[in-house]
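# Residue-level structural notes
Listed here are the chains, written in short residue letters.
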Amino acid sequence: MELDNEAALALANTNTPLSKPHLPGDLAMWFFILAELTVFAIFFIGFAITRQLYPDMFQQGQSYLHPAAGGINTFALISSSCFVALSLNAIRQSRHTYAAILLAAALLMASVYLAVKTWEYNQLLDLGYGLSSNTYFTLYFFITGFHFLHVILGMIILGFMAFRTINGAYQGGNLSGFESGACYWHMVDLVWIILFPLLYVID
Amino acid sequence: MKSLGKIEFYWGALIAITLFNTFLGEQFESSALVSVLVALTVMYKGLMVIDHFMELRHAHKYLRLMMRFYLIFFPSLIILTAFF
């Protein structure tokens, strides 16, 4: 969906409401995002029900996790999402180099997430806990691993967006591709916002 | 000095809430009160992300409604499980 100049300026200045609804990104991307969120919803429900069935196992399993590591990852993904939102605003103002720098910052933050999560996995594996240890760790590794793969896919998309930004692909108000990639990345952030307390805070 | 924009402001609020949740996770045994607090903050964080980062405030109302429902429903389950 293309933005006209009035809409682009109104969105860049978030105080200004638009007269007609504007879908950020492609409709196809939104179907994909909603499908992904549905899959994660099934995981959330499965995790919550299994926790009710095996509370002691879940409490013991959670004691091996590090809430600080989860907090760092949340910081990394929220910051990354913020950089992507700022990058979209920069593109709308035709500041393409600045937008590309912001996307690089978003990728850096995403790398922090990958590094911390890999460290967490290594810690658990060193302690002898893996995918088949018990129901808790099966769900933990499966859900976080699935999210981890989404982060990697999101990073590939962000990298592609940065490449296209540098090459001047987002000119003349045609920002649909950029908005679609940005919305996918925000979805990855949203899922983690729900996962973080579910895995690390509530026991 | 350039003043902070809205996105930076919401980023600061999200980080502050995350630090609060991490503090709860590190310092307190889980209780119904902690679960309710965490669930409410998750709802708030999610709604901020969809409105201000995803820009769904400007999107069709049904899409925004679906996303808002998602982010209210699942944290509500956390509250529900805290009492059963």
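Residues numbered from 1 in each chain as written. Chains lettered and ligands numbered in written order. Predicted model: local features only at pLDDT ≥ 70, side-chain atom pairs only at ≥ 80, totals over all residues.

## A few points about the overall build of chain B
Scanning chain B from terminus to terminus reveals 3 helices and 0 strands. Secondary structure elements in chain B, listed N-terminal to C-terminal, are α-α-α. Rg of the C-alpha trace for chain B: 15 Å, well past the compact-globule value of 12 Å for 84 residues, more than 25% over. Taken along its principal axes, the extent of the C-alpha atoms in chain B is 40 × 40 × 10 Å. Partitioning the contacts of chain B with sequence separation of at least 6, the portion at a separation of at least 24 is 64%. (Helix = DSSP H or I, 4+ residues; strand = E, 2+ residues; numbered from the N terminus. Rg over C-alpha atoms; globule rule 2.2 N^0.38 Å. Contact = placed C-beta atoms within 7 Å.)

## Brief notes about the interface of chain B and chain A
Accessible area lost upon the coming together of the parts is a frequently used measure of interface size. Taken together, the contact between chain B and chain A spans 31 residues of the former and 36 residues of the latter. Going through the elements one at a time, α1 (6-27), α2 (32-53) and α3 (61-82) of chain B are the ones with two or more residues in the side of chain B that touches chain A. Per-element accounting of the side of chain B that touches chain A gives the leading share, 12 residues, to α1 of chain B. Across the side of chain B that touches chain A, the residue classes tally to 17 nonpolar, 10 polar and 4 charged. (Nonpolar A, V, L, I, M, F, W, Y, C, P; charged D, E, K, R; others polar.)

## Notes on the environment of lysine 45 of chain B
Relative to the helices and strands, lysine 45 of chain B is located in helix α2. Residue class for lysine 45 of chain B comes out buried when judged on the 26 C-beta atoms lying within 10 Å of it. Between the C-alpha atom of lysine 45 of chain B and that of isoleucine 17 of chain B, which follows or precedes it by 28 residues, the distance is 7.8 Å. Residues contacting lysine 45 of chain B, with those up to four places away along its chain left out, are Ile193 of chain A together with Leu14 and Ile17 of chain B. (Buried ≥ 20, exposed ≤ 12 C-beta atoms within 10 Å, placed from the backbone.)

## Side note on the nonpolar core
Counting 72 residues, the largest nonpolar core has Val84, Leu103, Ala106, Val191 and Ile194 of chain A together with Val38 of chain B as its most contacted members. Mapped onto this core, the elements with two or more residues apiece are α2 (27-53), α4 (67-92), α5 (96-126), α6 (135-166) and α7 (176-201) of chain A together with α1, α2 and α3 of chain B. Excluding its chain neighbours within four sequence positions, the residues that come into contact with alanine 106 of chain A are Ser80, Phe83, Val84, Ser87 and Leu158 of chain A. (Core = buried A, V, L, I, M, F, W, Y, C linked by C-beta atoms within 7 Å.)

## Considerations on the packing of α4 of chain A against α5 of chain A
Residues and elements named next belong to chain A. Where α4 meets α5, the axes come as close as 8 Å, and the angle between the chain directions of the two elements is 165°. Taken together, the axes of α4 and α5 lie roughly antiparallel to each other. Judged by the twist between their axes, the crossing of α4 over α5 is left-handed. Its residues assigned to classes, the contact of α4 with α5 shows 20 nonpolar, 5 polar and 2 charged. (Axes fitted to C-alpha atoms, helices over the stretch in contact; angles between N-to-C directions. Parallel < 35°, antiparallel > 145°, perpendicular 65-115°, else oblique. Left-handed = near helix turned anticlockwise from the far one by under 90°.)

## Quick word on α1 of chain B
For the α-helix, the turn length of 3.6 residues means that residues three or four positions removed from each other point alike. An ideal rise of 1.5 Å per residue puts 32 Å on 22 residues; α1 of chain B measures up with 32 Å between its terminal C-alpha atoms. Of all the positions in α1 of chain B, only Tyr10, Trp11, Leu14, Ile17, Thr18, Asn21, Thr22, Leu24 and Gly25 of chain B are classed as buried. What you see down the axis of α1 of chain B is that its buried residues fit within an arc of 155°, all on one side. Among the exposed residues of α1 of chain B, those oriented more than 90 degrees off its buried face are Phe9, Gly12, Ala16 and Gln27 of chain B. Residues of α1 of chain B that are buried in the fold lie against α4 and α7 of chain A together with α2 of chain B. (Expected span 1.5 Å × (residues − 1). Arc of directions from axis to C-beta.)

## A closer look at the packing of α4 of chain A against α7 of chain A
Residue and element names in this part refer to chain A. Interhelical geometry of α4 versus α7 gives an angle of 160° and a closest axis separation of 10 Å. Judged by the inter-axis angle, α4 sits roughly antiparallel to α7. As α4 packs across α7, the resulting crossing turns out to be left-handed. Where α4 abuts α7, its residues Pro67, Gly70, Asn73, Thr74, Leu77, Ile78, Ser81, Val84, Leu88 and Ile91 lie against Phe178, Glu179, Ala182, Trp185, His186, Asp189, Trp192, Phe196, Leu199, Tyr200 and Val201.

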